[in-house]
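# Results of the structural survey
Chain residues, written in single-letter form:
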Amino acid sequence: MAALPSIMETTATVPDQPLLSVENISRLFGPEKGCQGVSFDLYPGEVLGIVGESGSGKSTLLSVLSGRSQPQDGVITYRGQQGEIIDLYSSSEAERRTLLRTEWGFVEQNPRDGLRMGVSAGANIGERLMAQGVRNYGVLRQEALDWLQHVEIDANRIDDLPRTFSGGMQQRLQIARNLVSSPRLVFMDEPTGGLDVSVQARLLDLLRRLVRELDLAVVIVTHDLAVARLLADRLMVMRRSRVVESGLTDQILDDPQHPYTQLLVSSVLQP
Ligand SMILES: Nc1ncnc2c1ncn2[C@@H]1O[C@H](COP(=O)(O)OP(=O)(O)OP(=O)(O)O)[C@@H](O)[C@H]1O
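Predicted, not measured: the structure shown is a model, and the values here were computed from it.

Conventions adopted
- Residues numbered from 1 in each chain as written.
- Predicted model: local features only at pLDDT ≥ 70, side-chain atom pairs only at ≥ 80, totals over all residues.
- Heavy atoms only, no water.
- Pairing = 2+ DSSP bridges.
- Helix = DSSP H or I, 4+ residues; strand = E, 2+ residues; numbered from the N terminus.
- Axes fitted to C-alpha atoms, helices over the stretch in contact; angles between N-to-C directions.
- Salt bridge = Lys/Arg side-chain N within 4 Å of Asp/Glu carboxyl O.
- Buried < 20%, exposed > 50% of the residue type's maximum accessible area, 1.4 Å probe, protein only.
- 1 Å grid on protein atoms, 1.4 Å probe; cavity = no way out; pocket = protein on both sides within 12 Å on 5 of 7 lines; lining within 4 Å.
- Points joined across faces, edges and corners; volume = space filled by probe spheres on them.
- Nonpolar A, V, L, I, M, F, W, Y, C, P; charged D, E, K, R; others polar.
- Parallel < 35°, antiparallel > 145°, perpendicular 65-115°, else oblique.
- Left-handed = near helix turned anticlockwise from the far one by under 90°.
- Contact = heavy atoms within 4.5 Å.
- Core = buried A, V, L, I, M, F, W, Y, C linked by side-chain atoms within 4.5 Å.
- UniProt positions renumbered as here; feature names shortened; annotations may be inferred.
- Phe/Tyr/Trp six-rings, centres within 6.5 Å; stacked < 30°, edge-to-face > 60°.

### Description of the sheet that holds strand 9 (residues 234-239)
Sheet architecture is open: 6 strands sit in the order 6-7-8-3-9-10, paired in mixed fashion. For this open sheet the edge positions go to strand 6 (104-107) and strand 10 (242-248), each flanked by a neighbour on one side alone. On average, each strand axis in the sheet is tilted by 15° relative to the strand beside it, whichever way the strands run. Where strand 9 and strand 10 come together, 6 bridges link them in antiparallel fashion. Paired with R239 across the strands is R242, a residue of strand 10.

### As for the pattern of salt bridges
This model, assessed by the stated rule, comprises 12 salt bridges. For E152, the salt bridge goes to R202, with nearest N and O atoms at 3.6 Å. Pair noted here: E152 is in the loop between helix 5 (137-150) and helix 6 (167-179) and R202 is in helix 7 (residues 197-213), with a separation of 50 residues, a long-range link. For D160, the salt bridge is made with R157, and the minimal N-O distance between the two is 2.5 Å. Judged by relative accessible area, which is 26%, D160 ranks as partly exposed. A network of salt bridges, in which partner residues are shared, links E152, R202, R209 and E213.

### Examining the layout of surface pockets
One number sums up the size of the largest pocket: a volume of about 310 Å³. Along its surface, the largest pocket is lined by 14 residues, and L100, G114, R128, R177 and N178 are the ones closest to its centre. Taken as a whole, the second largest pocket encloses approximately 170 Å³ of empty space. What lines the second largest pocket is simply S120, G122, A123, G126, M130, Y137, L140, R141, A144, I158 and D159. Contributions of two or more residues to the lining of the second largest pocket are made by helix 4 (121-131) and helix 5. Here the residues of the lining of the second largest pocket sort into 6 nonpolar, 3 polar and 2 charged.

### Some details on the pairing of strand 4 (residues 73-79)
With 5 bridges connecting them, strand 1 (residues 20-30) and strand 4 associate as antiparallel partners. Of the residues in strand 4, the one forming a bridge with V22 is I76. Here strand 4 folds back onto strand 5 (residues 85-87) in antiparallel fashion, the turn holding 5 residues, of which G83 has a positive phi close to 90°.

### Overview of the packing of helix 6 against helix 7
Contact pair helix 6 / helix 7: the axes reach a minimum separation of 10 Å and the direction vectors enclose 15°. As summarised for this structure, helix 6 and helix 7 are arranged roughly parallel, according to the angle between their axes. Crossing geometry of helix 6 relative to helix 7 is assigned as right-handed. Along its contact with helix 6, which presents G168, Q171, R172, I175 and L179, the element helix 7 presents V199, R202, L203, L206, L207 and L210.

### So, the nonpolar core
Ranked by size, the top nonpolar core spans 47 residues in total, and within it I125, W147, V151, L173, I175 and L179 carry the most contacts. For this core, the leading source of residues is helix 7, giving 6 residues. Among all residues touching L179, those that are not within four sequence positions of it are W147, V186, L210, L214 and L216. I25, V38, L48 and M236 belong to the second-largest nonpolar core, a separate cluster that totals 30 residues.

### Side note on the sheet that holds strand 1
Read across the open sheet, the 4 strands follow the order 2-1-4-5; overall the sheet is antiparallel. Sheet topology places strand 2 (33-42) and strand 5 at the edges, where each strand pairs with a single neighbour. Direction aside, neighbouring strands of the sheet carry axes that sit 25° apart on average. In the sheet, strand 4 pairs with strand 5 via 3 bridges, with the strands oriented antiparallel. Bridging across to strand 5, T77 finds its partner in D87.

### Some points on the UniProt feature "domain: ABC transporter" (unreviewed entry) in the chain
The feature "domain: ABC transporter" (unreviewed entry), as given by UniProt, occupies residues 20-265 in the numbering adopted here. Across residues 20-265 one finds 39% helix and 26% strand; the C-alpha atoms that close the span lie 28 Å apart.

### Considering the packing of aromatic side chains
On inspection of all chains with the given rule, the structure shows 3 aromatic pairs. With a centroid separation of 5.2 Å and an interplanar angle of 90°, the aromatic rings of Y78 and W104 are classed as edge-to-face. With Y78 in strand 4 and W104 in strand 6, this pair connects stretches of sequence that are 26 residues apart. For the residue pair Y78 and W104, the accessibility class agrees, reading buried in each case.

Dropping the structure here:
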């Protein structure tokens, strides 16, 4: 297999400085509906899981963190590739969109929301590279072939439309489309949701491998504690719009402190 692209060799990333700093952000649609008072730092290469029951505010928080919806309160700063500090919501919408297409990625739960269904698998992968200025057809095609291989899709499907792919393949294609441009930070919203258990397991293995090999920082929303256990270094547990507990994944899952987390963990352990 071709080597994965080495990432960020030229970056000014300082490992002991946060990539993303989140200070007291809130976005509420009603009392306890949305997210409020959320603060944390995310470091390069770190995987943060956001867990909690349905309606606790996970997706709202993710959309605020990823620059998709403006918080009513709080500040989010991102340390750019050159070491510059970017205040996410002081930037223009165009700047935020550029960030999402280049240094960031977003893996949607439903691959149809993250893929362009009307163009080939190869074109889906090549799009972000083109946005970064790669124009050479041979280079684009080779990158697409390499990435199909990285996500375990047969290379001879390169010219096929994503709608001819299975759900698991579409999700792997979406991952390739996001990772081809060597993002430093990837947001994922229930990336294994809606897939069969066996397909989920394979996708999780793939994600785990890619996250490690590419040293990606990830914020992943999941209601599945097994997914969180497998992927996340750290967890934030949300309930009714607030973070009720946060810490190292093993610590939280093996010795939950908050009664709600205890309930969440014990409900999974029960047959
Ligand atoms: N655009 C919106 N307008 C009004 N209310 C909203 C909107 N988006 C989310 N909400 C409400 O905010 C609360 C949190 O929703 P959110 O989708 O963030 O929760 P979640 O934890 O991601 O849930 P799930 O796991 O079911 O996706 C819910 O009560 C939801 O109804």
